[in-house]
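Geometric and topological summary
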Amino acid sequence: MNTKVTDRLGRALRDLRISVTDRCNFRCTYCMPRSVFGPGYEFLHRTDLLSFEEISRLARVFAGLGVQKIRLTGGEPLLRRDLVRLVEQLHTGVPGVELTLTTNGSLLARMAAGLRAAGLDRVTVSLDALEDDVFQRMNDAGFSVADVVAGIEAAVEAGFSPVKINAVIRRGVNEGAIPALAERFGGEAFVVRFIEYMDVGNTNGWKLDEVVSSGEMAARLEASVGGLTALEPNYKGEVARRYRTAAGGEIGIISSVTQPFCRDCNRARLSSDGRLFTCLFGTEGLDLRGPLRRGADDAELVELIRGTWSGRADRYSELRTAAGTQTRKVEMSAIGG
Ligand code: SAM
Ligand code: SF4
Ligand code: SF4
C-alpha cells in the first residue's frame with residue numbers, strides 16, 4: 001500500500017479522469033470545431049493508445065496514491081472498442097474505487113445495460129439543448145436530441161441512479177435551453193448541471209462575453225422554473241449553486257469561470273496516449289506510457305506520479321484574467337472534461 005500524496009497547495013490526489021480515445025462522433029463547436037478537427041486532422045494511432053491492461057495497471061497505481069474515483073472520458077469514450085471489457089477490468093482490478101463515465105449519449109442506448117452489468121457505478125450524459133435545431137448546431141454532426149434522450153432513458157432503465165445531465169451554456173447559442181432542460185430532467189432520477197463555457201484548448205475561439213455567468217444562469221432558472229428550493233452549500237466555499245426541484249431532482253450551476261474552485265481541485269487527468277496532466281489547462285503532460293512500455297515496475301511509476309503531483313501548483317482558473325490565456329494548452333478532447 002502506498003501513502004497518499006498532496007501537492008504544493010496541500011491538495012490531495014483523489015480523482016482521476018482517464019481519456020480512452022481522442023476521437024469523437026460529434027464536432028461540438030466549443031470543443032472540437034470542424035474547421036480544426038476536419039477530415040485532415042490526425043488522430044492518434046491505435047498503437048499510441050494505452051491498452052486496457054496499461055490503463056488498469058495505472059489505475060491501480062493511482063488508487064494506491066489516494067484516488068477514490070475514476071471517470072472514463074474522451075473524446076467519446078463509447079467509441080473505444082470493447083469499452084465494456086475495460087469497465088469490467090477496472091471494476092474487478094481496482095476495487096473500492098467509484099467508476100464513472102461521461103458520454104455524449106449517442107451510443108448509450110445500446111450500451112447502458114452492458115456497462116451497468118460490467119460494474120460502472122455512475123454515468124453523466126452531456127446534452128446542451130432540447131430543441132433539435134439548437135442541439136444540431138452545437139454538435140455539428142447531425143445527431144438529434146432523440147438520439148441522446150434514448151441513451152439517457154436506457155441508462156435509467158439499466159439502473160443508473162441518478163443519471164447526471166451536463167449542459168454547457170454559451171451566450172447567443174443555448175442560454176434559452178436552461179428552463180426546458182431543468183423541467184425535462186427535474187425528476188428524482190436526474191441531477192442536472194449547467195456549466196459555464198470555458199476557454200479549454202486552443203481551438204474554440206473562446207471569448208469572455210460568450211460566458212453566461214452562474215449568477216445569470218441562476219436568475220434565469222429562478223425566473224422560469226417553479227418549485228425550486230435553494231440548497232445549502234455542502235461545504236463552505238462550494239461554488240456549485242444547487243436547487244431541489246419540486247419533483248425531488250437536483251439542479252446545479254457550476255462556476256468554472258466566474259468563481260473558480262482551484263483551491264479544492266484534486267483531479268488528475270490521463271490522456272489516451274498516457275500523459276498525466278495536473279490541470280485541465282495544462283500545457284504539457286508527464287509521459288507514463290514510455291516508462292510502462294519500457295517495463296517500469298510499480299515503484300517507479302509511483303515515484304513518477306508522486307513527483308509530479310507533489311510539485312503541482314496549478315490554479316489556472318483563479319489566474320485566468322491576470323495571466324491571460326496565451327499559453328498553448330492541451331485540447332479538451334485529448335484529456336476529457
Ligand atoms: N464526449 C463526452 C461528452 O461530451 O460528454 C466526454 C468528453 S467531453 C470533452 C466532457 C465534457 O466536457 C462534456 O460535458 C462537454 O460538454 C464538456 N466541455 C467540452 N468543451 C467545453 C468547454 N469549452 N467549456 C465547458 N465544458 C466543455
Ligand atoms: Fe465530442 Fe464530447 Fe467534445 Fe462534444 S464535448 S466534441 S461530444 S468530446
Ligand atoms: Fe483544477 Fe486547473 Fe480547473 Fe483550477 S483550472 S480547477 S487547478 S483543473
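This section reports on the structure supplied with the text. Throughout this description, residue numbers start from 1 for each chain and increase along the sequence as written. Following the order in which they are written, the chains are lettered starting with A and the ligands numbered starting with 1. Local features in a predicted model are, by the rule used here, given only for residues with pLDDT of at least 70; side-chain atom pairs are given and counted only at 80 or more, and totals for whole chains, interfaces and linings are based on all residues. Heavy atoms from the whole structure form the basis of all side-chain values; hydrogens and water molecules are not counted.

Throughout, the term near means that a residue has one or more heavy atoms lying within 4 Å of the molecule or strand in question. Neighbouring ligand 1 are 19 residues; G75, T102, S126, M198 and M332 lie closest to it. Each polar contact in these results corresponds to two N or O atoms within 3.5 Å; when the atoms are within protein, one needs to be able to donate a hydrogen and the other to accept it, and residues that are neighboring in sequence are counted only if both atoms are side-chain atoms. A distance of 3.2 Å separates an oxygen atom of ligand 1 from a polar atom in the side chain of Y30. With respect to ligand 1, the backbone of T103 contributes an N or O atom lying 3.2 Å from an oxygen atom. Contact with the protein chains covers 94% of the free accessible surface of ligand 1, which is 550 Å². For helices the rule is a DSSP run of H or I covering at least 4 residues; for strands it is a run of E covering at least 2, with both sets numbered from the N terminus onward. Looking at the shell around ligand 1, the elements that each hand over two or more residues are β3 (98-103) and β5 (163-169). Residues are sorted three ways: Asp, Glu, Lys and Arg are charged, Ala, Val, Leu, Ile, Met, Phe, Trp, Tyr, Cys and Pro are nonpolar, and all the rest, Gly among them, are polar. Residues belonging to the shell around ligand 1 are distributed by class as follows: seven nonpolar, 10 polar and two charged. For the area figures, the Shrake-Rupley method with a 1.4 Å probe applies, and any residue is considered shielded solely by the protein chains shown.

Another point: the sheet that holds strand β8 (residues 241-244). Working definition: the strands of a sheet are paired by backbone hydrogen bonds and lie parallel or antiparallel to each other. An order of β7-β8-β9-β6-β5-β4-β3-β2-β1-β10-β11-β12 is seen for the 12 strands of this open sheet, with the pairing classed as mixed. Two strands bound the open sheet, and with one partner strand each, they are β7 (229-230) and β12 (286-287). Pairing analysis gives two bridges linking strand β11 (residues 275-277) to β12, with the strands arranged antiparallel. In the strand pairing of β12, L276 is matched with L286. Here, a strand pair is defined by DSSP locating no fewer than two bridges between the strands.

This part takes up the site of ligand 3. Around ligand 3 sit C262, C265, R269, C279, L280, F281, R312, D314, Y316 and S317, and that is every residue in its neighbourhood. For the shell around ligand 3, the class distribution of residues is six nonpolar, one polar and three charged.

Before going further, it helps to examine the packing of aromatic side chains. Planes of paired rings set the category: under 30 degrees apart is stacked, over 60 is edge-to-face and the rest tilted, where pairs are Phe, Tyr or Trp rings (Trp by its six-membered ring) whose centres lie within 6.5 Å. Going through the model one piece at a time under the given rule, you end up with seven aromatic pairs. Consider the rings of Y41 and F43, whose centres lie 4.7 Å apart with planes at 65°: the pair is edge-to-face. To sort residues, take the accessible area from a 1.4 Å probe on protein chains only and compare it with the maximum for the residue type: under 20% means buried, over 50% means exposed, and anything in between is partly exposed. Residue Y41 is classed as partly exposed on the basis of its relative accessible area of 31%. Looking at F43, the relative accessible area reads 16%, which means it is buried. Ring plane angle 75° and centroid distance 5.0 Å describe the contact between F185 and F190, whose orientation is recorded as edge-to-face. Classification of F185 as buried rests on a relative accessible area of 1%. A connected cluster of aromatic rings, assembled from ring pairs, spans F26, F135 and F143. Its guanidinium or amino end placed over the ring of F160, R116 lies 5.0 Å from that ring's centre, counting from NZ or CZ. Comment: the charge-over-ring label is applied if NZ (Lys) or CZ (Arg) is within 6 Å of the ring centre and within 35 degrees of the ring normal.

Counted as salt bridges are all cases of a side-chain nitrogen of Lys or Arg within 4 Å of a carboxyl oxygen of Asp or Glu. Enumeration over the complete set of coordinates arrives at 20 salt bridges. Between R267 and D15 there is a salt bridge whose closest N-O contact spans 3.8 Å. Note that R267 is positioned in strand β10 (residues 267-270) and D15 in strand β1 (residues 15-19), a separation of 252 residues in sequence. Judged by its relative accessible area of 26%, R267 is partly exposed. For R85, the salt bridge is made with E53, and the minimal N-O distance between the two is 4.0 Å. Taken together, the residues span a long stretch of sequence, with R85 in helix α2 (residues 83-93) and E53 in helix α1 (residues 52-64) at a distance of 32 residues. The class for R85 is partly exposed, based on a relative accessible area of 38%. Taking the relative accessible area as the measure of exposure, E53 reaches 47% and is therefore partly exposed. Overlapping salt bridges bring together D7, R11, R312 and D314 as one network.

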